[in-house]
Amino acid sequence: MNLESKPNTWYSCMLTPRTEVPSELPSEQKLPSEELPSAEEILRHLAPRWLASTYATKKLSCEMVETAADLATLQREDLRELGFSMVEAAKVITWAQVIKRPDCPAPAEEGQPNLVRLSSDVPVSPWPEMSRCREVKTAKSSPSTSPWAESKAEELRLDEIEGQVDFWVSCFASGMTCTPALSTSDALPQEDVRENILEAFFDCTPERIREVFISMDTDSDGHVTVEELRVGLERCGITGFDNETLAKVFEHVTGTGRKLHLQAFETILCRLRLASLLMRPWRAKSLSVMDFDSSRVSDFEVTSDNMCQFFFGHRLCTSERHSLIGASPKCAANIVSLSSVFGAKDLVRWVHMASFDIHLLFALTVKYTLHPLSVEDVIEQCQTKIDRLGGHYFLTIELLTLVDGDTSKGLHPVRVRGQHVAAFCSGPPQLDTLITVAQADRKFTEEWPGGAPQVEVAGSWVPRMQQRLRAARSRLRERRADSLLYALVDLCADELVAVTRAFFARLTWLEEDLRIRGNRSLLDLGEVSLAQLQLAIVARRLRSLQRVVRRASEYQELHTTGSADYWRDCAEHLEEAYEDTLQMKERCDALKSAHEAVIERGQAEELQMQHDEQAAQAKKMNIMLFFLTVGSTIFTPVTFMSSVYGMNFENTAGTPTIPFLLEEEGYTYFWYGVLVYFTLAISFVVFVYHRFNQTTKRTKRNGNDRCLPCGCCNI
């Protein structure tokens, strides 16, 4: 039996433990010795330091770990017992996940085709750098080639076809009318986005493509004809193709096979969908891309000039891909090179959408096969969450950003804007792509107490992350997209912490102003009450992000570079900020109570001043009445005497009858009497006045001795 008649034989041997492989195989079924790499060849790339030790070969021999299949079955605990370090064990486990990926043609059930395309724009082959492979003896080479190598060659051929922008755009323009329900405006659709748009037109996930392919493969042979292709495209919303254009696409993609398999159907569907989206005017500089590895970083803006090249093309350059296509298939099957997993050519890509564009989001959905549920959450701006949907980790953050720059002194009220950040991180084993979408929080104006300021502020996390990647000795460039995702969460957490610190500085300034100026303080109870409500929103968003970080720390696949400790540290910082927020809410209550106490004390002082003023006026009036009374009392007898002697009473003889009236010195005697009277009266009044004052002072002094030391009697 020829090896080519069983396309999954090599892959089955790679993943089957040695104890399950029959010891005796027919001569036509036995794999050549150079078809199956040895464990030492794999470890020479993965763990050279461990392999160089004296006991390495002996341990492998004792544990019967001889081939790559044996090494792929080992667990993390087994590797630790063998003496592997944490980094070496992680590399071995990552390598095992790579060869077990659905990219390799694993055995499938009867009638169930396999979808072996990747969601990333990196070429599918897990070993693209074949220039380092050992030479193969061509003189005695078998005429049969490995099915795995043939599958990789087919994938690389499809990658080349996918990058032919002019072909796909011309086919779409000449022979198809696509997506009639979509408009060219940037307005968000009001109807059910997921049901009517995403799942109907832009669901390019492997599950959906496999479902459509099975439904149109009527004879269940794993291949479809031109008519079956038309039915499948119409089911995905691509209608209006004329027969000539459809036959041209079919012939170009299938090549000499004349039958369309699952991978080729995915190529046609995704490229035609991208062509339908990209033939429209695009907003300038709304999408930025950064490709980096440990040694270099390159960034560019996606504009209308390079839009098609970005969405249709792949990450590696054409010359590298041609060198891989020209490599010997047997060399590709024999040598397992890890340069694409840990080498310089395996670039990590960060795609950032700075201004939201729904059609651009749809194009990213098709290119990277994003899940419709996650894209719907981006459009509808769901709450802070993290989840794994399809082959991506999906993260959303309700971010708060300070409007004013310097808020450390707390001189002005805190002004905040809301931002919604979404991130798609490609899952293991590649972890090579991060897509971020930043947009203004549409619900923030309604949710934020006091209303949002009418100013657009971009979050500081984007330039800070770009600065980290461009640094000369960037640790972030040495890691994968999971570390980039952590950096995003960490920077967003820093912005939330900055908001809490701004509120802390403002409350501290208000407390100090109240303490120094008292009731003349600039403190406004309305501002304090509003800050308390705003702190409740900040606390809720901190708690949501804290739950996301804790859940992310539980995803072991996101910790390829030992980032679990970093996630836990971020969770601790968020916990501290959350507790500070709760404490500041209590400070708002205390500040309002202190302000009310100061106001009450000021009112009491004002009332006391009014009372003292009234008492002083009453005392002044009493003194005036006292002197008037004394004067009236003193002059009353004199007035009486003068009035009596002023009467003209006479007898019958005409002589005055009033005594002393006819005396020669009578007038002088009158004034002598008046002077004596005034002297006695004034002396008596002075004596009584001094005696009254002494009694009053003694009474007041005795009253102060009996009064409590409250200070109210000293005013």
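Residues numbered from 1 in each chain as written. Predicted model: local features only at pLDDT ≥ 70, side-chain atom pairs only at ≥ 80, totals over all residues. Heavy atoms only, no water.

## Describing the overall build of the chain
Step number 1: When you go through the chain residue by residue, the secondary structure sums to 26 helices and nine strands.
Step number 2: Counting every position in the chain, which comprises 715 residues, the buried fraction comes to 46%.
Step number 3: A separation threshold of at least 6 residues defines the contact pool for the chain, and within that pool the share at least 24 residues apart is 75%.
Step number 4: Surface exposure of the chain reaches about 37,200 Å², of which carbon and sulfur atoms provide 54%. (Helix = DSSP H or I, 4+ residues; strand = E, 2+ residues; numbered from the N terminus. Buried < 20%, exposed > 50% of the residue type's maximum accessible area, 1.4 Å probe, protein only. Contact = heavy atoms within 4.5 Å. Areas by Shrake-Rupley, 256 points an atom, 1.4 Å probe, with all protein chains shown as cover.)

## With respect to the pairing of strand β5 (residues 348–353)
Step number 1: Of all six residues making up β5, six are buried, and the element is well covered by its neighbours.
Step number 2: On β5, burial covers both faces: V348, W350 and H352 on one face and R349, V351 and M353 on the other are all buried.
Step number 3: Of the pairings in the sheet, the one linking strand β3 (residues 287–292) to β5 comprises six bridges and is antiparallel in character. The residue bridging D291 from the neighbouring strand is R349, located in β5.
Step number 4: Where β5 and strand β9 (residues 433–440) come together, five bridges link them in parallel fashion. Bridge pairing links R349 to T433 in β9. (Pairing = 2+ DSSP bridges.)

## Comments concerning the pairing of strand β4 (residues 297–302)
Step number 1: Pairing of β3 with β4 involves six bridges; the strand directions are antiparallel. Looking across to β4, one finds that L287 is bridged to V302.
Step number 2: Taking the residues that link successive antiparallel strands as the turn, the β3-β4 hairpin has four residues.

## Some words on the packing of aromatic side chains
Any aromatic ring pair is given by two values, namely how distant the centres are and how the planes are angled relative to each other.
Step number 1: Evaluated as defined, the whole model comprises 17 aromatic pairs.
Step number 2: Relative to F202, the ring of F201 lies with its centre 6.4 Å away and its plane at 55 degrees, an arrangement referred to as tilted.
Step number 3: According to the relative accessible area criterion, F202 is buried, its value standing at 1%.
Step number 4: Arranged with centres 4.9 Å apart and planes meeting at 80 degrees, the rings of F310 and F311 form a pair that is edge-to-face.
Step number 5: A relative accessible area of 5% places F310 in the buried class.
Step number 6: Residue F311 is classed as buried on the basis of its relative accessible area, which comes to 0%. (Phe/Tyr/Trp six-rings, centres within 6.5 Å; stacked < 30°, edge-to-face > 60°.)

## Observations concerning the sheet that holds strand β7 (residues 392–402)
Through backbone hydrogen bonds, the strands of a sheet pair up, either in parallel or in antiparallel fashion.
Step number 1: Spatial ordering of the open sheet is given by β4-β3-β5-β9-β8-β7-β6, a layout of seven strands whose pairing is mixed. Of all strands in the sheet, those bounded by a partner on one side alone are β4 and β6 (385–389). With strand direction ignored, the average angle separating the axes of adjacent strands in the sheet is 15 degrees.
Step number 2: Against the sheet, helix α20 (residues 372–380) makes contact with β6, β7, β8 (416–426) and β9, and its axis sits at roughly 165 degrees relative to β8, the strand it touches most.
Step number 3: In the packing of helix α23 (residues 481–517) onto the sheet, contacts are made with β3, β5, β7, β8 and β9, and the angle to β7 comes to roughly 25 degrees. (Axes fitted to C-alpha atoms, helices over the stretch in contact; angles between N-to-C directions.)

## A few points about the side chain of D377
Step number 1: Among the secondary structure elements, D377 is positioned in helix α20.
Step number 2: Ignoring anything within four residues of it in the chain, the contact list for D377 reads C382, K385, F394 and H420.

## Some words on the nonpolar core
Step number 1: If you look at the biggest cluster of nonpolar residues, it comprises 69 residues, and the most contacted ones within it are W350, L395, W461, L488 and F503.
Step number 2: Among the elements that make up this core, the one with the highest residue count is α23 (18 residues).
Step number 3: Those residues in contact with F503, other than ones at most four positions away along the chain, are V414, W448, A531, Q534, L535, V538 and M584.
Step number 4: Counting 67 residues, the second-largest nonpolar core is a separate cluster that includes I209, M353, L361 and V437. (Core = buried A, V, L, I, M, F, W, Y, C linked by side-chain atoms within 4.5 Å.)

## As for helix α2 (residues 39–46)
Step number 1: By the burial criterion, the buried members of α2 are A39, I42, L43 and L46. Down the axis of α2, the sector holding all buried residues measures 95 degrees, keeping them to one side. (Arc of directions from axis to C-beta.)

## Topic: the pattern of salt bridges
Step number 1: Under the definition given, this model contains 24 salt bridges.
Step number 2: One salt bridge in this structure joins D490 and R468, with 4.0 Å as the shortest N-O distance. Of this pair, D490 sits in helix α23 while R468 sits in helix α22 (residues 461–470), and the two are 22 residues apart along the sequence.
Step number 3: Taking relative accessible area as the criterion, R468 reaches 32% and is therefore assigned partly exposed. (Salt bridge = Lys/Arg side-chain N within 4 Å of Asp/Glu carboxyl O.)

## A look at the side chain of S474
Step number 1: Structurally, the position occupied by S474 is in the loop between α22 and α23.
Step number 2: In terms of polar contacts, S474 uses its side chain to reach the backbone carbonyl oxygen of R468, at 2.8 Å.
Step number 3: Apart from residues lying up to four places away in sequence, S474 is in contact with R468 and L469. (Polar contact = N/O pair within 3.5 Å; in protein donor to acceptor, adjacent residues only side chain to side chain.)

## Details of the packing of helix α24 (residues 525–554) against helix α25 (residues 564–645)
Step number 1: Across the interface, α24 lies against α25 with an axial gap of 9 Å and an inter-helix angle of 165 degrees. Between α24 and α25, the angle falls in the class roughly antiparallel. Where α24 crosses over α25, the two elements pack in a sense that is left-handed.
Step number 2: Considered class by class, the residues forming the contact of α24 with α25 number 19 nonpolar, six polar and six charged. (Parallel < 35°, antiparallel > 145°, perpendicular 65-115°, else oblique. Left-handed = near helix turned anticlockwise from the far one by under 90°. Nonpolar A, V, L, I, M, F, W, Y, C, P; charged D, E, K, R; others polar.)

## A few points about unusual backbone geometry
Excluding glycine, residues mostly carry a negative phi; peptide bonds, for their part, are mostly trans.
Step number 1: Of note, T369 is a non-glycine position whose phi angle comes to about 50 degrees, a positive value.
Step number 2: Mapped onto the elements, T369 comes out in the loop between α19 (358–367) and α20.
Step number 3: By relative accessible area, T369 is classed as buried at 9%.

## Comments concerning a positive patch on the surface
Step number 1: A grouping of R691, K697, R698 and R701 is seen on the molecular surface, where their side chains present a positively charged patch.
Step number 2: Locating R691 in the fold gives a position in helix α26 (residues 666–706).
Step number 3: Given the relative accessible area of 51%, R691 is considered exposed. (Patch = residues over 30% accessible without salt bridge, like charges linked within 9 Å, V, L, I, M, F, W, Y side chains within 5 Å. Lys, Arg positive; Asp, Glu negative; His and termini not counted. Charge placed at Lys NZ, Arg CZ, Asp CG, Glu CD.)

## Here's the deal with a nonpolar patch on the surface
Step number 1: Together, F640, M641, Y645, F660, L661 and L662 make up a nonpolar patch on the protein surface, roughly 620 Å² of accessible area in all.
Step number 2: Structurally, F660 is set in the loop between α25 and α26.

## Focus on the confidence of the model for the chain
Step number 1: Averaged over all residues, the pLDDT of the chain equals 75, while 77% of them reach at least 70.
Step number 2: This model gives residues 101–120 a pLDDT under 50, and the stretch forms 65 contacts once residues within four places in sequence are excluded.
Step number 3: Every residue in residues 122–149 is under pLDDT 50, and counting partners more than four places away or in other chains gives 77 contacts. (pLDDT = per-residue confidence, 0-100.)

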